[in-house]
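# Survey of secondary and tertiary structure
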Amino acid sequence: MTTVTVLYFASLRDAAGMSSEVIETNANDLRTLYGELQSLHGFVLTIDRLRVAVDGAFVGWNDAVCSGNEVAFIPPVSGG
Amino acid sequence: MTTVTVLYFASLRDAAGMSSEVIETNANDLRTLYGELQSLHGFVLTIDRLRVAVDGAFVGWNDAVCSGNEVAFIPPVSGG
Amino acid sequence: MTILESRETVKHFILSDAAFDIAPQRVQLLRDSAGAFVSFEGWVRDHNDGRAAHGLRYEAYTTLAEAEGERIIDEALNQFSIVDARCVHRTGDLAIGDLAVWVGVSAAHRDAAFHACRFIIDEVKSRVPIWKHERYADGASDWLHPQP
Amino acid sequence: MTILESRETVKHFILSDAAFDIAPQRVQLLRDSAGAFVSFEGWVRDHNDGRAAHGLRYEAYTTLAEAEGERIIDEALNQFSIVDARCVHRTGDLAIGDLAVWVGVSAAHRDAAFHACRFIIDEVKSRVPIWKHERYADGASDWLHPQP
């Protein structure tokens, strides 16, 4: 089991009902991790509409989930 | 003979040594008028590099010269 | 009946023979319906075509410059989906770093604001009878009459 | 040796949780070598996609937004012949007419300034993790997650 902190923003935060949580997961990569959390919280946003960041930098969906990571799923942005 | 006021700007004014003059001319059109003044003052700028305005509005080189007109020969502009 | 603003009496293109503040011009372009504002400022540079410059003077054929400037803004208002636009151009003596020209455009969306602002400064530079007289570091000075 | 300005310590992209003044940002972009300055301002409009809006809130993933914003300005400085560039983006609650985002670019010539300013605002809108939460006149409110 790997322990990571997950950050939620915008509609993902509303859906999760929290801005972050610490979770234990068996997911090997970030894609699988999002799948687990999508089931858990009922996220409407599919993975093709998201980007993923670890420790404040964008990374790939196939990257490994490592203990202590701060993972953020980035919904489509709407600044400006 | 037609009496017109001619305005000079920028390098044309420097070459003419004045910002305006009242002249009598037999020129039928503005093209001919500029030819006369070019000879008189030794203007370096050829007609293809100028525009011409009468009474504060751009007009064509073939337009007639009418008594009382205020004629301005417009050197290439360099504002902005 | 109260006429709050008559289109004919508002000047959209202004020649200023002294330094001017941008803020009061900009504020006139703000509208609740406008989400985008683009502005251009032209400053006097310390060089031109590789030659060190000390300053310059702008001369205008006032009557025609004001008429042609208004025509350009009218064209921009017709051609682009913008809310409003203004341009102020200096005349007289300017030093390095002085503001020579300002263009402001407000629009619902940024695409039209960018295009209209670019259109206005391009047209002002190519059509409005204003001439630049530059003073160079070597003591020379000259009128700029650019080739097309 | 005196280091007047270290590239690493200057922030070119700033998140501001309160209303900010443009003037002090703009003045930092002025240089004697720069003849052109282009700025973009995004204001909160009274409508979005035909729906009357009452205001909005911007939320950011601060760490990543600041890093991505700096990266965008760096890209602009590398891709275009510009002198300097800055962007300030609001977070928190905004009312109709409030300034949401400002971009300023200085350059020797206007072409690069226009293109770089457009590049920066386009990239900020598409890449920086900031989200808009709109409140509508009908009482509804929602996060905006635009389709690509």
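One can find the structure itself at the top, above this paragraph.
Described in the following lines is the structure provided in the data block. (Residues numbered from 1 in each chain as written. Chains lettered and ligands numbered in written order. Predicted model: local features only at pLDDT ≥ 70, side-chain atom pairs only at ≥ 80, totals over all residues. Heavy atoms only, no water.)

## Here we look at the overall build of chain A
Note the following rule: A run of H or I in DSSP counts as a helix once it spans at least four residues, and a run of E counts as a strand once it spans at least two, with each numbered from the N terminus. The globule rule is 2.2 Å times the number of residues to the power 0.38, and the radius of gyration it is compared with is taken over C-alpha atoms. Here the term buried applies to any residue with accessible area under 20% of the maximum for its type, exposed to any over 50%, and partly exposed to those in between, with areas from a 1.4 Å probe on protein chains only. Here, two residues are considered to be in contact whenever any of their heavy atoms come within 4.5 Å of each other. Reported accessibility uses the Shrake-Rupley method at a 1.4 Å probe radius. Residues are deemed covered only where the shown protein chains occlude them. Lys and Arg are tallied as positive, Asp and Glu as negative. Neither His nor the chain termini are counted. By convention, charge coordinates are those of NZ in Lys, CZ in Arg, CG in Asp, or CD in Glu.
A tally of regular secondary structure across chain A gives 2 helices and 5 strands. Ordered by position from N to C terminus, the α and β elements of chain A give β-α-β-α-β-β-β. The C-alpha radius of gyration of chain A comes to 12 Å, within 12% of the 12 Å expected for a compact globule of 80 residues. Along the three orthogonal principal directions, the C-alpha set of chain A runs to about 35 × 25 × 20 Å. Considering chain A as a whole, with its 80 residues, one finds that 49% of them fall into the buried category. Considering only intrachain contacts with a sequence separation of at least 6, the fraction spanning at least 24 residues in chain A is 51%. Counting only carbon and sulfur atoms, one obtains 48% of the accessible surface of chain A, whose full area is about 3,600 Å². When the 4 basic and 9 acidic side-chain charges of chain A are each reduced to a single mean position, those positions are 11 Å apart.

## Examining the pattern of salt bridges
Pairing between side chains becomes possible if they bear opposite charge and their charged atoms approach one another. Threshold: By convention in these notes, a salt bridge is any Lys or Arg side-chain nitrogen within 4 Å of a carboxyl oxygen on Asp or Glu.
The full count for this structure, using the stated rule, is 24 salt bridges over all chains. Note that Asp122(D) and Arg110(C) form a salt bridge whose closest N and O atoms lie 2.9 Å from each other. Linking Asp122(D) in helix α3 (residues 110–127) with Arg110(C) in helix α3 (residues 110–127), this pair reaches from one chain into another. Residue classification places Asp122(D) among the partly exposed residues on the basis of a relative accessible area of 23%. Of the residues examined, Arg110(C) reaches a relative accessible area of 22% and is grouped as partly exposed. As a salt-bridge pair, Arg118(D) and Asp111(C) come within 2.9 Å of each other at their nearest N and O atoms.

## Let's talk about the interface of chain C and chain D
What counts, and what does not: As a working definition, buried area equals the accessible area (1.4 Å probe) given up by two parts on being put together, with both sides summed. The definition of a polar contact used here is a pair of N or O atoms within 3.5 Å, where within protein one atom must be able to donate a hydrogen and the other to accept one, and adjacent residues in sequence count solely through side-chain atom pairs. Throughout, the ten residues Ala, Val, Leu, Ile, Met, Phe, Trp, Tyr, Cys and Pro are labelled nonpolar, Asp, Glu, Lys and Arg are labelled charged, and all others, Gly among them, are labelled polar.
Taken together, the contact pairs 35 residues of chain C with 35 residues of chain D. Here chain C meets chain D over a buried area of about 2,800 Å², counting both sides, of which 55% is carbon and sulfur. Broken down residue by residue, the surface that chain C buries against chain D is led by Trp43(C), Arg110(C) and Phe114(C), which jointly contribute 26%. Scanning the region where chain C abuts chain D turns up 6 salt bridges. In this structure, the connection of chain C to chain D is made through 13 residue pairs in polar contact (both at pLDDT 80 or more). When contributions to the side of chain C that touches chain D are tallied by element, the ones reaching two or more residues are β2 (36–43) and α3 of chain C. Residue contributions to the side of chain C that touches chain D peak at 9 residues, all from α3(C). By residue class, the composition of the side of chain C that touches chain D is 15 nonpolar, 9 polar and 11 charged.

## Let's talk about the relation of the copies chain C and chain D
Stated precisely, the cut-off is as follows: Least-squares fitting of one copy onto the other uses the C-alpha atoms of those residues that reach a pLDDT of at least 70 in both copies.
For the pair chain C and chain D, the best superposition has an RMSD of 0.0 Å and corresponds to a rotation of 180° with a translation of 0.0 Å parallel to the axis. Both copies are brought into coincidence by an operation consistent with a two-fold rotation axis. Taking C-alpha positions as reference, the residue of chain C nearest the rotation axis is Ser39(C), located at 2.6 Å. When the interface residues of chain C are mapped onto chain D, 100% of them are again interface residues, pointing to one common binding face.

## A look at the arrangement of the chains
There are 3 pairs of chains in contact here; the most contacts are made by chains C and D. In this assembly chain A lies apart from chain C, the nearest approach of their C-alpha atoms being 10 Å. What separates chain B from chain D at the closest point of their C-alpha atoms is a distance of 10 Å, and the two make no contact.

## Some remarks on helix α2 (residues 62–79) of chain D
One turn of the α-helix equals 3.6 residues, which is why residues spaced by three or four share an orientation. For clarity, the cut-off: For a helix, the expected span equals 1.5 Å multiplied by the residue count minus one.
Relative to the 26 Å expected for 18 residues at 1.5 Å per residue, α2(D) spans 26 Å between its end C-alpha atoms, a close match to the ideal helical length. Three or more residues of α2(D) are buried, namely Leu64(D), Ala65(D), Glu68(D), Gly69(D), Glu70(D), Ile72(D), Ile73(D) and Ala76(D).

## Details of the nonpolar core
Rules: What is meant by a nonpolar core is a set of buried Ala, Val, Leu, Ile, Met, Phe, Trp, Tyr and Cys residues, joined one to another through side-chain atoms within 4.5 Å.
Phe40(C), Val105(C), Ile120(C), Phe40(D), Val105(D) and Ile120(D) are the most contacted members of the largest nonpolar core, which totals 66 residues. Not counting residues within four places of it along the chain, the set of residues in contact with Phe40(C) comprises Val101(C), Trp102(C), Val103(C), Cys117(C), Ile121(C), Ala36(D), Phe37(D), Val38(D), Arg110(D) and Phe114(D).

## Description of the sheet that holds strand β4 (residues 57–59) of chain B
Residues and elements named next belong to chain B. Threshold: Whether two strands pair comes down to DSSP finding at least two bridges between them. For helices, the fitted line uses only the C-alpha atoms of the stretch in contact; every axis is such a line through C-alpha atoms, and the angle between N-to-C directions lies from 0 to 180 degrees.
Read from one edge of the open sheet, 5 strands run β2-β1-β5-β3-β4, paired in mixed fashion. At either end of the open sheet lies a strand with only one pairing partner, and these are β2 (20–25) and β4. Averaged over all neighbouring strand pairs, the angle between strand axes comes to 35°, with direction disregarded. Note that strand β3 (residues 51–54) and β4 share 3 bridges and pair antiparallel. Paired with Ala53 across the bridge in β4 is Phe58.

## A look at the interface of chain D and chain A
Listed per partner, the contact involves 23 residues of chain D and 22 residues of chain A. For the pair chain D and chain A, the summed buried area comes to about 1,900 Å², and 55% of that belongs to carbon and sulfur atoms. Looking at the side of chain D facing chain A, the largest losses of area belong to Tyr61(D), Trp131(D) and His145(D), adding up to 32% of the total buried there. Taking the shortest distance from any N to any O, the salt bridge between Glu59(D) and Arg13(A) comes out at 2.2 Å. Applying the counting rule to chain D against chain A returns 16 residue pairs in polar contact (both at pLDDT 80 or more). Mapped by element, the contributors of at least two residues to the side of chain D that touches chain A are β4 (51–60), α2, α3 and β8 (130–136) of chain D. Across the side of chain D that touches chain A, the residue classes tally to 13 nonpolar, 4 polar and 6 charged.

## Some points on the side chain of His89(D)
By secondary structure assignment, the location of His89(D) is in strand β5 (residues 82–90). Overall, the relative accessible area of 0% leaves His89(D) in the buried class.

## Remarks on the sheet that holds strand β2 (residues 20–25) of chain A
Strand order in the open sheet formed by 5 strands is β2-β1-β5-β3-β4 (chain A), with mixed pairing between adjacent strands. Either end of the sheet is taken by a strand with one partner, and the two such strands are β2 and β4 (57–59) of chain A. Here the strands of the sheet are splayed against their neighbours by 35° on average, with no regard to which way each runs. Bridging between strand β1 (residues 2–7) of chain A and β2(A) involves 6 bridges; their strand directions are antiparallel. What sits directly across from Thr3(A), in β2(A), is Glu24(A). Along the sheet face, α2(D) touches β3 (51–54), β4 and β5 (70–74) of chain A and points at about 85° away from the line of β4(A).

Treat this as a map of the structure, not an account of what it does.
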